[in-house]
Each structure stands twice: as structure tokens, then as C-alpha cells.
Amino acid sequence: GESVGLHLPTLSVQEGDNSIINCAYSNSASDYFIWYKQESGKGPQFIIDIRSNMDKRQGQRVTVLLNKTVKHLSLQIAATQPGDSAVYFCAEKALSSGSARQLTFGSGTQLTVLP
Amino acid sequence: EAQVTQNPRYLITVTGKKLTVTCSQNMNHEYMSWYRQDPGLGLRQIYYSMNVEVTDKGDVPEGYKVSRKEKRNFPLILESPSPNQTSLYFCASAAGVLGSYNEQFFGPGTRLTVL
């Protein structure tokens, strides 16, 4: 079946280093891929999205890369800060019948920023 | 302040006792949705609503009901809660057709325990 998953459940990085969070997807019919951040005790917060016809999109300190050949998505965070510690979810929005406006979320990666 | 509010934030109940979790947004968003979050499973969609009086099942609708009588409110109803509905619940809203479905604004969550 369709799934959105992550390579690693946890990731630790030193403050100031760059972080790369990876995500694999299986549904080739998705038209958008989205990253959310969830801090402890809070609801998820939208970070950035990328349309399926794009390879790269940059935001403020974040870059999302999409490799459709291997169905891989990554979120790069530049100069990681303590406030970046959170669980990061990738999600896809599929064009399959009846679910054009639904998001399917992965299980999340816990990013820990070390001092 | 633009926000999604949920009540209650914490609830402990017993099997079979009907309960309602309220959700309200003040952003005039068309789209609203309920998710449940369980360890290792990420966020799974329960129900969503494209607009007033329009609701659709998500991936895990069994045991839940929703209604959308007003644009700002989207309550989640558990007619006869069971222990397998113990979870962390999030309500979310999005601008929808007038903006984006990808950028969803999440409430703070409701932690439900069914004994």
C-alpha cells in the first residue's frame, strides 16, 4: 500500500552544523510533499512544501530536495539551533481518487541539537 | 491571534461514555480536519471537512463522528469510546481552495485516555 516513511527515527547534530532529515515515499501520484515540525507538547507546524514537478525549494534556513527517481525527500536545516530540536514529519498530498485534499504523514524523526 | 483551540486538553474517561472534543478556529478557514497521533504511527486522519455541512472520512474514521454546522467549529464525537481510542488528538484547519491545503494550522492537542 501507499506509505510515507523515514530512514531514521532519531538524529543528533551539534549546534551550528547542518541537519539532513530524510524521507522515502512510495506514491508516485503525489502532487505535493510537505514538511512539518512538532515541538514537545505542541501541535505540528508547517515548515515548507514542494510541488512534485520541482527538485528543490528553499525557505528560511531550510531546503527541501525531491528526488523522484528514487522517491526520496530530504529536509536540510542550515546552522542548526537549539530551537530546531523537534520531531520532523514528512507528508504527501496525493491525487488519488477521493483524497485530493488529504495529507498522509510519515512517522517522524526526532532531531536533537547538542550544545 | 490566529489560532486553533481544542477543549479539553486532557480527558480520562471510561469505556462507553460518550464524549465530545471541541475544535474552533478564528481564521475563517474552509478546511478542517481531525488527526490522531500514536507512537510510531505518526498522524492519521480521522475525518475532514471541506466546508460547512461537508464532511468526509479520513483513514481511520471507525468509532468517530464529526459535524460542521458552522465554519469555525468542528467537534469530534466519540459515541462509545473504547480503550483503543486512547490517543493524542489534533484538530487542524487550512485556508483550502482560497489558499492552501498543505499549510495546516494545528491545535495544541487533546490527550484522551479511555479506561
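Residues numbered from 1 in each chain as written. Chains lettered and ligands numbered in written order. Predicted model: local features only at pLDDT ≥ 70, side-chain atom pairs only at ≥ 80, totals over all residues. Heavy atoms only, no water.

Draft legend 1. Seen up close, the sheet that holds strand β7 (residues 65–66) of chain B. All names here are of chain B. One open sheet holds the four strands; their spatial order is β1-β3-β8-β7, and the pairing between them is antiparallel. The open sheet has two free edges, formed respectively by β1 (4–7) and β7, since each of these has just one partner strand. Across two bridges, β7 lies against strand β8 (residues 76–78) in antiparallel orientation. Paired with Val66 across the strands is Leu76, a residue of β8. (Pairing = 2+ DSSP bridges. Helix = DSSP H or I, 4+ residues; strand = E, 2+ residues; numbered from the N terminus.)

Draft legend 2. Expanded view of a nonpolar patch on the surface. All names here are of chain B. Taken together, the side chains of Ile12, Val14 and Leu115 define a hydrophobic patch exposed on the protein surface, amounting to about 320 Å² of accessible area. Inspection of the secondary structure puts Val14 in the loop between β2 (10–13) and β3 (19–25). For Val14, a relative accessible area of 45% puts it in the partly exposed group. (Patch = residues over 30% accessible without salt bridge, like charges linked within 9 Å, V, L, I, M, F, W, Y side chains within 5 Å. Areas by Shrake-Rupley, 256 points an atom, 1.4 Å probe, with all protein chains shown as cover. Salt bridge = Lys/Arg side-chain N within 4 Å of Asp/Glu carboxyl O. Buried < 20%, exposed > 50% of the residue type's maximum accessible area, 1.4 Å probe, protein only.)

Draft legend 3. How the structure looks around the state of the cysteines. Overall, the coordinates contain two disulfides over all chains when judged by the stated rule. Disulfide partner of A:Cys23: A:Cys90, at an S-S distance of 1.8 Å. Between A:Cys23 and A:Cys90, the S-S dihedral sits near 55°, and the bridge is therefore right-handed. You can see A:Cys23 sitting in strand β3 (residues 19–25) and its partner A:Cys90 sitting in strand β9 (residues 86–94), a full 67 residues away along the chain. Here A:Cys23 matches A:Cys90 in class, with each residue buried. Here B:Cys23 connects covalently by a disulfide to B:Cys91, the sulfurs 1.8 Å from one another. Classification of the bridge connecting B:Cys23 and B:Cys91 rests on its S-S torsion, roughly -75°, and on that basis the disulfide is left-handed. Taken together, the positions of B:Cys23 in strand β3 and B:Cys91 in strand β9 (residues 87–94) put the pair 68 residues apart, joining distant regions of the chain. B:Cys91 carries the same exposure label as B:Cys23, and that label is buried. (Disulfide = S-S within 2.5 Å.)

Purely geometric numbers; function is a separate question.
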